[in-house]
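# Survey of secondary and tertiary structure
Residue strings, one per chain:
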Number of protein chains: 2
Amino acid sequence: CIEALLAEAAEPGVPARPCPCPLPSGDTALSRLVRRLLSARRSLDLCLFSFSCPQLARAVQLLHRRGVRVRLVTDAQYMGLHGSQIGRLRHAGIQVRHDQHSGYMHHKFAIVDRRMLITGSLNWTTQAIQSNRENVLVVEDAEYVKAFQDEFERIWEEYNPANYSFFSQKQ
Amino acid sequence: CIEALLAEAAEPGVPARPCPCPLPSGDTALSRLVRRLLSARRSLDLCLFSFSCPQLARAVQLLHRRGVRVRLVTDAQYMGLHGSQIGRLRHAGIQVRHDQHSGYMHHKFAIVDRRMLITGSLNWTTQAIQSNRENVLVVEDAEYVKAFQDEFERIWEEYNPANYSFFSQKQ
């Protein structure tokens, strides 16, 4: 199950104990997603409307502890919702930026090592993973990866807190 | 603007009148999406969580009137929301099917003539188009198109009203 996958990633070399939990074991869409994320060696750029899935948050924290450079952009309204993992990730020292608009930062993509794009309809929530009909595309074509990487860098700069203006700039 | 684009598509050959409306003119993300949809000659398969954008609904209706085979799958909870275009499209004679679950049918993709996939984070709502940060991928690689076409056919069959069970099947 995902627990075993995360335990193995946290302590490589320690033999995996058989897990008695009732979660689906073997190859699931979630385990494939987690494996792709855990393949990161240098960087993980996340651009996520909603992030409440604890297993995915643990995978991200694990990468951060391993020294992978994690950057996370999220939506200002959704990051405060019950169950959001954003506070926990910030607390762990991961850099998070968010929009300042009434519209949603509605992207749901991740880029691993600037070479693998993971995108689709899936918000990183337990509800979406357990109950919804969703799609996730994993793409390594440089053309697609570059378009999303460029969008990430644009947003990352645009949401830089150093650029916030708290008062009207009118003369 | 989009109005001029739809008018031109509805009455090809009639010279486009200059449009006095305040909508953005020229090349916008919405006009590119509408142009891609209007390129359909045989079929348009739509799998949309939420559909409230009137301009996109008009483009779909136009294709239906032109004899393009339009099939639409949507989410049971969202299709009843204020502003939904689903009722109007059904009224126009377009075949619509929806899920029967508490989870969401959360896909947001379209397939034009079984060869062009349009997918991403964008729900087909005015709010998303006007206010959100979104992505739309347009892909013609057969491998990706096939994966989404197969998912569409699976869902289309699964949500066939002939398969509804209104009462418990317990013995």
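Look up: the structure comes first, before these words.
Treat the numbers as computed from the prediction; the structure is a model and nothing was measured.

### Concerning the sheet that holds strand β1 (residues 43-48) of chain A
All names here are of chain A.
- Pairing is mixed in the open sheet, where six strands are placed in the order β3-β2-β1-β4-β5-β6. Strands with a single pairing partner mark the edges of an open sheet, and in this sheet they are β3 (95-98) and β6 (136-139). Averaged over all pairs of adjacent strands, the angle between strand axes in this sheet comes to 10 degrees, irrespective of strand direction.
- By the bridge criterion, five bridges tie β1 to strand β4 (residues 108-112) in an arrangement that is antiparallel. Bridge pairing links Cys47 to Phe109 in β4.
- Sitting on the sheet, helix α2 (residues 29-38) touches β1, β4, β5 (116-120) and β6, and the angle it makes with β5 is about 145 degrees.

### Details of the relation of the copies chain A and chain B
- Taken as rigid bodies, chain A and chain B are interconverted by a rotation of 180 degrees and an axial shift of 0.0 Å, the fit giving an RMSD of 0.0 Å. The two molecules are tied by a two-fold rotation axis, judged by turn and shift.
- Both copies contact each other with a shared surface, as 100% of the interface residues of chain A are interface residues in chain B too.

### Digging into the interface of chain A and chain B
- The interface is formed by 28 residues belonging to chain A together with 28 residues belonging to chain B.
- The junction of chain A with chain B conceals about 2,200 Å² of combined surface from both sides, 50% of it contributed by carbon and sulfur atoms.
- Along the contact surface separating chain A from chain B lie four salt bridges.
- Put simply, chain A and chain B have 18 residue pairs in polar contact (both at pLDDT 80 or more) between them.
- Looking at the side of chain A that touches chain B, the elements that each hand over two or more residues are β4, β5, α5 (126-131), β6 and α6 (142-158) of chain A.

How each quantity is defined
- Residue indices follow the written sequence of each chain, beginning from 1 at its first position.
- Starting at A for chains and at 1 for ligands, labels are handed out in the order in which the entities are written.
- Predicted model: local features are reported for residues with pLDDT of at least 70 only, side-chain atom pairs are reported and counted for 80 or more only, and whole-chain, interface and lining totals are derived from all residues.
- The side-chain values count all of the structure's non-hydrogen atoms but skip hydrogen atoms and water molecules.
- Any two strands are treated as partners once DSSP identifies two or more bridges connecting them.
- Helix and strand definitions here come from DSSP, where helices need a minimum of 4 consecutive H or I residues and strands a minimum of 2 consecutive E residues; each element is numbered from the N-terminal end.
- Angles shown run from 0 to 180 degrees and are taken between the N-to-C directions of axes, each axis being a line fitted to C-alpha atoms and, for helices, limited to the stretch in contact.
- It only takes one pair of heavy atoms within 4.5 Å for two residues to be counted as in contact.
- Here the copies were fitted onto each other by least squares, based on C-alpha atoms from residues at pLDDT of at least 70 in both.
- Accessible-area loss on putting two parts together, using a 1.4 Å probe and summing over both, is the definition of buried area adopted here.
- Only one rule defines a salt bridge in this text: a Lys or Arg side-chain nitrogen within 4 Å of an Asp or Glu carboxyl oxygen.
- Polar contact is defined as a pair of N or O atoms within 3.5 Å, subject to the rule that within protein one atom must be able to donate a hydrogen and the other to accept it, and that residues adjacent in sequence are counted only when both atoms are side-chain atoms.

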